[in-house]
Amino acid sequence: MLRVGIQFFKIGMILKILLLIVGFFISQTVIAITALKVTEVTSGIFVHFGQHQLPDKINHGAIANIGFIVGDTCVAVIDTGGNPEQGYALKKAIEQNTKKPVCYVINTHVHPDHIYGNIAFKQPGVTFIGHKNLTRAMASRGQYYIDKASEQLDIKLTAKHIIPPDKTVKKQIFIDLGGRKLMLTAHPTAHTDNDLTVFDSKTNTLWMSDLLFIEHLPVIDGSLKGWLKELKRMEKKHYKMVVPGHGPVVTDWPKSLQAEKNYLQTLLTEIRQMIAEGKFIEEAVEKVGYSEKDKWKLFDQFHKRNVTTAFAELEWED
Ligand SMILES: [Zn+2]
């Protein structure tokens, strides 16, 4: 009797262990992260293209173009995504495309759709790089971003997810990925006050991030005048390919820049005119820039806010 009991006990234990093992694998499959879809747009430059959507509880803020550049010795990540999971999915996409380790994470600016995946790459050997103003921007907006994340994006963030740069760029620096030097440029206030672009001389590609919007209405969070000034400087250069922060890559620079330039120039001209006529911001919001409406996606969602921001800036100019 006792022997039979022991046998049953043993079988019971074995079954329990088997169930645990099966359960473990099932749970692993459920939480397994799928690699983010990326496209190699030119030799060694991979982009995940975001959809033109407002960040919300369905897309969890994953709306921007993000990606990576592969050198002979290591990889530079350019922006990490709109939530931590997207960061991990990007990391998986990198592992599927190269055996080389990540050595740099470049954050092009402070906006949530570009930085919320940072935590996926926080490990020894990885240097985070940003504009000299990025640390301050993250510090001043961090708590607000954390508070809004669950309510607007249905994701949980804590202070540990807002990862500031280890290395900052005042004007320009070069980083070497092995046989591939990238030039990182810190821009004067334009889309934000902490815009950083990445130039790869090997393929003559400029990763412009949100200094360039294609299809998606440009969003002003820095300076309308500053942005236009920077675009006028940059349009004189020759690039084979430019990667925008939102929209497809372009290969006809500077032609592809004109839509954004026109939109910003229209705001500048029409708002200045209204200010000169003594009109108020409320009227400007209803009247300025509507000739641009049909040219852009998300116009209704961002245009009025752009006019408000730009009006406040231009109201005080000499
Ligand atoms: Zn942005």
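Residues numbered from 1 in each chain as written. Predicted model: local features only at pLDDT ≥ 70, side-chain atom pairs only at ≥ 80, totals over all residues. Heavy atoms only, no water.

Caption draft 1: How the structure looks around the sheet that holds strand β9 (residues 181-186). Strand order in the open sheet made by the five strands is β8-β9-β10-β11-β12, with mixed pairing throughout. Bordering the open sheet on either side are β8 (172-176) and β12 (241-246), each of which pairs with just one other strand. If you compare each strand with its neighbour and ignore which way they point, the axes differ by 25° on average. Where helix α5 (residues 224-234) meets the sheet, it contacts β10 (196-200) and β11 (205-213), and its direction lies at approximately 155° from that of β11. (Pairing = 2+ DSSP bridges. Helix = DSSP H or I, 4+ residues; strand = E, 2+ residues; numbered from the N terminus. Axes fitted to C-alpha atoms, helices over the stretch in contact; angles between N-to-C directions. Contact = heavy atoms within 4.5 Å.)

Caption draft 2: Up close: the pairing of strand β1 (residues 39-42). As judged from the three bridges shared by β1 and strand β2 (residues 45-48), these two strands associate in the antiparallel manner. When the sheet's bridge partners are listed, glutamate 40 is paired in β2 with phenylalanine 46. Between β1 and β2, which pair antiparallel in sequence order, lie two residues; one of them, glycine 44, sits at a positive phi of approximately 80°.

Caption draft 3: Quick peek at α5. Those residues of α5 that fall on the buried side of the exposure criterion are Leu224, Gly226, Trp227, Leu228, Glu230, Leu231 and Met234. Buried residues along α5 sit in contact with β10, β11, α6 (258-276) and α8 (299-314). Where α5 begins, one side-chain oxygen reaches toward the backbone nitrogen of lysine 225, 3.4 Å away; that side chain belongs to serine 223. (Buried < 20%, exposed > 50% of the residue type's maximum accessible area, 1.4 Å probe, protein only. Polar contact = N/O pair within 3.5 Å; in protein donor to acceptor, adjacent residues only side chain to side chain.)

Caption draft 4: How the structure looks around the coordination of the zinc ion. The coordination sphere of the zinc ion contains the protein donors His109 (NE2), His111 (ND1), His191 (NE2) and Asp210 (OD), at a distance range of 2.0 to 2.3 Å. Because the angles between the four donor atoms bound to the zinc ion fall within 85 to 172°, the donor set is best described as irregular. Relative accessible area serves as the criterion here: at 3%, aspartate 210 is assigned to the buried category. (Donors = N, O, S within 2.8 Å, 3.2 Å for Na, K, Ca; no water. Tetrahedral: all angles 85-135°; square planar, octahedral: opposite > 155°, others 65-115°.)

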